[in-house]
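Next come the chains, spelled out residue by residue.
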Amino acid sequence: IDPKLIRILKLVLHTPDDMYHLSKISQLSKVPLGTTFRIVNKLVKIGILESIPVGKIKIYRLAKTEQVKELQKWI
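Let me sum up the structure you'll find in this document. (Residues numbered from 1 in each chain as written. Predicted model: local features only at pLDDT ≥ 70, side-chain atom pairs only at ≥ 80, totals over all residues. Heavy atoms only, no water.)

What follows covers the pairing of strand β3 (residues 57-62). If a strand is regular, its side chains alternate between the two faces of the sheet. Examined bridge by bridge, strand β1 (residues 19-21) and β3 share 3 bridges and lie antiparallel to one another. By the bridge assignment, His-21 is partnered in β3 with Ile-59. Taking the residues between adjacent antiparallel strands as the criterion, strand β2 (residues 49-54) and β3 are bridged by 2 residues, where Gly-55 takes a positive phi near 65°. (Pairing = 2+ DSSP bridges. Helix = DSSP H or I, 4+ residues; strand = E, 2+ residues; numbered from the N terminus.)

Written out as structure tokens, the structure is:
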């Protein structure tokens, strides 16, 4: 598994109630913005993150699903 993916997952899994803008995820996880964009889009597509449109931007947060609860046990 890609270490950059793990850094982003750890960030959102350890703060499940927080909401993030893409640049904040990039900054806190120390993953380049372009890579963060691709990883976050994959995580939204597979249901680990939720995307909330706010005007012209998107805010991301951890999805509240059984799949995510299982993942939290492992990381």
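After that view, the rundown keeps rolling.
Right, let's talk about the pattern of salt bridges for a bit. Evaluation of the coordinates by the stated rule reveals 3 salt bridges. Across the salt bridge formed by Arg-61 and Glu-50, the nearest N and O atoms sit 2.6 Å from each other. Taken as a pair, Arg-61 in strand β3 and Glu-50 in strand β2 lie far apart in primary sequence, 11 residues in all. (Salt bridge = Lys/Arg side-chain N within 4 Å of Asp/Glu carboxyl O.)

On the secondary structure map, Pro-16 appears in the loop between α1 (3-14) and β1. Note: C-alpha distance between Pro-16 and Lys-30 (14 residues apart in sequence) is 19 Å. If near-sequence neighbours (up to four positions away) are discounted, Pro-16 is found in contact with Leu-62, Lys-64 and Gln-72. (Contact = heavy atoms within 4.5 Å.)

As a further point, take the environment of Ala-63. Structurally, Ala-63 can be placed in the loop between β3 and α4 (66-74). For Ala-63, a relative accessible area of 6% corresponds to the buried category. Taking the C-alpha atoms as reference points, Ala-63 and Thr-15, 48 residues apart in sequence, are found 12 Å from one another. Those residues in contact with Ala-63 that sit more than four places away from it in its chain are Gly-47, Ile-48, Leu-49, Glu-50 and Val-68. (Buried < 20%, exposed > 50% of the residue type's maximum accessible area, 1.4 Å probe, protein only.)

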